[in-house]
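Here are the chains, one letter per residue:
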Amino acid sequence: MDSVLAPSSTSSFPSPLNNNNKKKNYYYYNYCNNNKNKNKSRFSVPSSAGIFNLRKFTTVSFSYGYRCGRRLSSRSSGCSKIHCSTPAVMASSESAASPEISKPKIVTGPGGYVLEDVPHLSDYIADLPTYPNPLQDNPAYSVVKQYFVHVDDTVPQKIVVHKDGPRGIHFRRAGPRQKVYFDSDEVHACIVTCGGLCPGLNTVIREIVCGLHHMYGVKKVLGIDGGYRGFYAKNTVHLDPKVVNDIHKRGGTILGTSRGGHDTSKIVDSIQDRGINQVYIIGGDGTQRGAAVIFEEIRRRGLKVSVAGIPKTIDNDIPVIDKSFGFDTAVEEAQRAINAAHVEAESIENGIGLVKLMGRYSGFIAMYATLASRDVDCCLIPESPFYLEGPGGLFEYIERRLKENGHMVIVLAEGAGQELLSESMQSMTLKDASGNKLLQDVGLWISQRIKDYFSKQRKMPINLKYIDPTYMIRAIPSNASDNVYCTLLAQSAVHGAMAGYTGFTSGLVNGRQTYIPFNRIIEKQNKVVITDRMWARLLSSTNQPSFLCPKDVTDDKGDEERSNQLLDNGNCSEESFLFRETTK
Ligand SMILES: Nc1ncnc2c1ncn2[C@@H]1O[C@H](COP(=O)(O)OP(=O)(O)OP(=O)(O)O)[C@@H](O)[C@H]1O
Ligand SMILES: O=P(O)(O)OC[C@H]1O[C@](O)(CO)[C@@H](O)[C@@H]1O
Ligand SMILES: [Mg+2]
């Protein structure tokens, strides 16, 4: 199967045959582009050609938007091995001229098996030479029985299945391949970090540099200074194992980061001008969107440049993957703030400790920090609307808790209750440089509302302490388990790029390292699903009301929202419904 997806054999693409023959032994290649019917050139290849070892799999569909880029006069040895004359690549002159977005590469098999595969350099560049993987001579790996990943290995997205249910979506398993598509001396890699900080960024940088160096003998690695705009507006730094040796012990990113400044064409110009042929992009959902368009532009120009994403987000809002690196560290650090809030609250009459944690659109940090702590009486997240006054509202619950226990702790995600703020304050529509909504401080606002309510309406003295550790939980170095996780993600990305894969994000799915196509990573945000068992566990741990009426929970399969929040068996949630309205 790998030979189709990573075809060393692309040097000899088979001739187009008749499209009518849909027998099992034939595999269909769909060279498509935006102008679907007009530019489509479909043909099938007899499996007996032996080139495409798809075995039982019957359908391959992927696209070539090949074009001889305007910068064909490759300014470096690293880029642009272009073969415009290869018929399979130049599916049609029309397709050659259209800068279309590549379509998902899907392989289907028996029992509802679906592989959502990642692009490969050989999808759009013919005659790429391959080399034996240098790891086979690496003493560290000599004792490992099976150190190359089997070409047919894939990882299921859904591991809880029913007897007669479909096998479902799979992703390509990450890891070293027997053949690589880059000679070690030819590799010129670069690393960039974008978006907000997250524990573990430096570890990922370190492990990409060390992985390239120690596993593949790659010496040329550049650090891009200050995020995407650094490609064209800043200097670069040379990275080697010595330079990065200790950086995993520090928070932040030694490369610097930024929001905004994504000029795709300038970025790709810079990649081309510098002769970079492996691009490692570490960042959140916005960054991965940026990486996807960089990949498309690189593919459109026909450059031999692998683009690998490593998902970074403190908010855990990237879909498909089990969780993002740094998340555990952030949850752990949040415990310190919650403990402080608890100590303060229980030491004084009617003490309320209020802790605001990060989570712009997704409340995972607040939810996991609450579950870990056990001291929290109420957790408020963006996904779960709440209201303040009246029966069943937050104020009523606070009063009840204070009367029962004499104190309470509230954990609040920064994106929670934003709709209440905009109702009571002038609605603000400010955005940051990347277009993310700038949130108002819900912690301060709700503190004031609670104080006003108890002093003015209830004439009940309370003592509220507001703790805002938001930046503290993401500016620290990663903990031990995140360090290991970062290492695996970085090494997987390196193996994937060396093997010629491109346009992928390296991610953990059901505990296994995989390569996930960009389109799956950027299609939506991961959110806490409040009709799932995990949120129910939280409610039963805090004993807070859900602040929802049953009528507000809509069982609408059409609107079903899926989350990759972890269930107790490590599987992803599949049993959720989206509730529609806020309770007023
Ligand atoms: N739709 C998009 N297309 C191209 N580039 C984008 C897009 N969205 C964001 N970017 C770029 O990605 C970079 C980071 O985006 P953003 O500031 O949203 O952070 P992020 O990667 O989502 O990380 P986080 O939200 O976890 O801090 C920015 O330089 C931004 O310009
Ligand atoms: O770094 P900035 O721009 O202040 O961004 C803060 C935002 O970044 C995040 O940490 C995501 O990275 C959000 O939780 C938070 O709202
Ligand atoms: Mg983001």
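What you are looking at is a predicted structure, and each value in this text was computed from that prediction instead of being measured. (Residues numbered from 1 in each chain as written. Chains lettered and ligands numbered in written order. Predicted model: local features only at pLDDT ≥ 70, side-chain atom pairs only at ≥ 80, totals over all residues.)

Undergrad: Help me understand the site of ligand 1, please; the structure alone is not making it clear to me.
TA: Close contacts around ligand 1 come from 22 residues, with Gly195, Gly196, Gly284, Gly286 and Gly290 the closest. Residues that form the shell around ligand 1 fall into these classes: three nonpolar, 15 polar and four charged. (Near = placed C-beta within 6 Å. Nonpolar A, V, L, I, M, F, W, Y, C, P; charged D, E, K, R; others polar.)

Undergrad: I keep staring at helix α5 (residues 201–216) and nothing clicks. Help me out?
TA: Residues spaced three or four apart along an α-helix point in a common direction, a consequence of the helix completing one turn every 3.6 residues. End to end, α5 covers 22 Å across 16 residues, agreeing with the expected 22 Å (1.5 Å per residue, within 8%). Where burial is concerned, most of α5 is hidden: 15 out of the 16 residues are buried. Among the residues trailing α5, Gly217 stands out with phi positive, at a value near 65 degrees. (Helix = DSSP H or I, 4+ residues; strand = E, 2+ residues; numbered from the N terminus. Expected span 1.5 Å × (residues − 1). Buried ≥ 20, exposed ≤ 12 C-beta atoms within 10 Å, placed from the backbone.)

Undergrad: Got a minute to help me understand the domain arrangement of the chain in this structure?
TA: How large an interface is tends to be reported as the accessible area lost when its parts come together. Each domain of the chain was delimited in the assignment, giving domain 1 (99–325 + 478–522) and domain 2 (327–424 + 438–476 + 530–553). Measuring from the centre of the C-alpha atoms in domain 1 to the corresponding centre in domain 2 gives 37 Å. Listed by partner, the interface residues are 18 residues for domain 1 and 15 residues for domain 2. Of the residues in the side of domain 1 that touches domain 2, the class split is five nonpolar, nine polar and four charged. (Domains from an automatic or database assignment. Contact = placed C-beta atoms within 7 Å.)

Undergrad: For this particular structure, what's the right way to read the site of ligand 2?
TA: Near ligand 2 you find 13 residues, and of these Gly196, Ile314, Asp315, Met358 and Arg360 are the closest. Among the residues forming the shell around ligand 2, the class breakdown is two nonpolar, five polar and six charged. Two domains each donate at least three residues to the shell around ligand 2, and these are domain 1 (99–325 + 478–522) and domain 2 (327–424 + 438–476 + 530–553).

Undergrad: What exactly am I supposed to notice about the nonpolar core here?
TA: Note on soluble globular proteins: their nonpolar side chains tend to be buried together. Of all hydrophobic cores here, the largest spans 129 residues; its most connected members are Ile191, Tyr280, Ile365, Val411 and Leu412. For this core, the leading source of residues is α5, giving nine residues. When residues of this core are sorted by domain, at least three fall in each of domain 1 (99–325 + 478–522) and domain 2 (327–424 + 438–476 + 530–553). (Core = buried A, V, L, I, M, F, W, Y, C linked by C-beta atoms within 7 Å.)

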